Amino acid sequence: METLGLTGLFEGAYAGRRVLVTGHTGFKGSWLALWLHALGAKVAGFALPADTAPSHWLGLDLGLADETLADLVDRDAITAALARFQPELVLHLAAQPLVRRSYRDPSRTFAVNVGGLVNLFEAVRACPSVRAVLNVTTDKVYEPPCPATGYAESHALGGHDPYSASKACAEIVSASYRRSFFQAGTNPTGVALATARAGNVVGGGDWAEDRLVPDLVRAIAADRPLALRNPGATRPWQHVLEPLAGYLEIGRRLLAGEAVAQAWNLGPATGDVLSVHDVVQRLRRHWPDLQVQSDAGPHPHEAPELVLDSRAADAALGWRPVWDAGQAMDRTAAWYRDFLRHGHGDSVGDLTAYVRDARVAGLAWAGG
């Protein structure tokens, strides 16, 4: 990993830094742990054991400075994990992240996404080493309908389904803890707390249920048609590395004492908002034999349109997308094609290519 030469990214802020990632066994969390490892950070993880087979996390085979496999609803476990590792930065991704599962088990969804967050914040309050926290939520925290210009950070929070509502609650809880406990003068440790709302991520290694790309890959592997629920639904699709770059830049700035302790949208360019049908057609270029059939339902409600306005992150953080939707889909397809052929995808290669393209695009975090 050291041969990647990535320790100087983000002004070298992560080299030797003690960082706790919650949810490290999941899709986004495993990619984030990989990147932090390449940056030279001392990484700890707190999560449930990987619950998919295959598992991106297990395939990476990364060594961690500390790992706790436990449930976020267990307050004693998260408190002990922070006390033992003494992190400077906490990147919080652990969640019940699936909309359709939230309909089946709303109690669990709220327990993890709201109650678990409170447990984490209380553990942070008891851990004087923590200087900054980034709570990762979702583009689904906003009250519909979606405006034509996309949701900006100032739009009202809401949520139709239990998952969306739980994440909107998580934003409110974060704002409350920021004002009540983490602002200057209210906490001697001076914890800086921000939240990040990303779009629909794609990329190699996602094996979750009821998600478009994993469902498509499973259909290909099983030589059966892909059933589409809502082909006209539009989403802000982006490669998983896009929001992770934003998380890392926000984390760097929080640790540096910059005034970024607020909510941030991290979505694709407006023109990269694609329908489910558009995504499938792009991926069919790589698997032309893929058959598609309609699954008319009935299905639980999901928002027909989601668009994020990320101009604030561009202006204040210098963050903007590197790969457009087409590149994101092509990179994703290549990863899964490698996996289906060889049993593994090239995550390190994707990370290296993403950083290279970010430098060419002149992004400051990449040294461009």
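One can find the structure itself at the top, above this paragraph.
Residues numbered from 1 in each chain as written. Predicted model: local features only at pLDDT ≥ 70, side-chain atom pairs only at ≥ 80, totals over all residues. Heavy atoms only, no water.

Peer 1: Teacher, can you tell me more about unusual backbone geometry here?
Peer 2: A negative phi angle characterises most non-glycine residues, just as the trans form characterises most peptide bonds. Here the bond from Ala-53 into Pro-54 is cis, since omega is 5°, no more than 30 degrees from zero. Within the secondary structure, Pro-54 sits in the loop between strand E2 (42–47) and helix H2 (56–60). Going from Pro-144 to Pro-145, the amide bond is cis rather than trans, its omega being 5°. Mapping Pro-145 onto the fold places it in the loop between strand E5 (132–136) and helix H6 (162–182). A positive phi angle, near 55°, is found at Phe-10, a position not held by glycine. Its place among the elements puts Phe-10 in the segment before strand E1 (18–22). When its relative accessible area of 0% is taken as the criterion, Phe-10 is described as buried. (Helix = DSSP H or I, 4+ residues; strand = E, 2+ residues; numbered from the N terminus. Buried < 20%, exposed > 50% of the residue type's maximum accessible area, 1.4 Å probe, protein only.)

Peer 1: How should the pattern of salt bridges be read in this particular structure?
Peer 2: Side-chain pairs of opposite charge can arise where the charged atoms are in close proximity. Evaluated as defined, the whole model comprises 24 salt bridges. A salt bridge links Arg-75 to Glu-122; the nearest nitrogen and oxygen atoms lie 3.6 Å apart. Taken together, the residues Arg-75 in helix H3 (residues 75–85) and Glu-122 in helix H5 (residues 106–125) connect sequence positions 47 residues apart. A residue is classified by how much of its surface remains accessible, and Arg-75, at 43% relative accessible area, is partly exposed. (Salt bridge = Lys/Arg side-chain N within 4 Å of Asp/Glu carboxyl O.)

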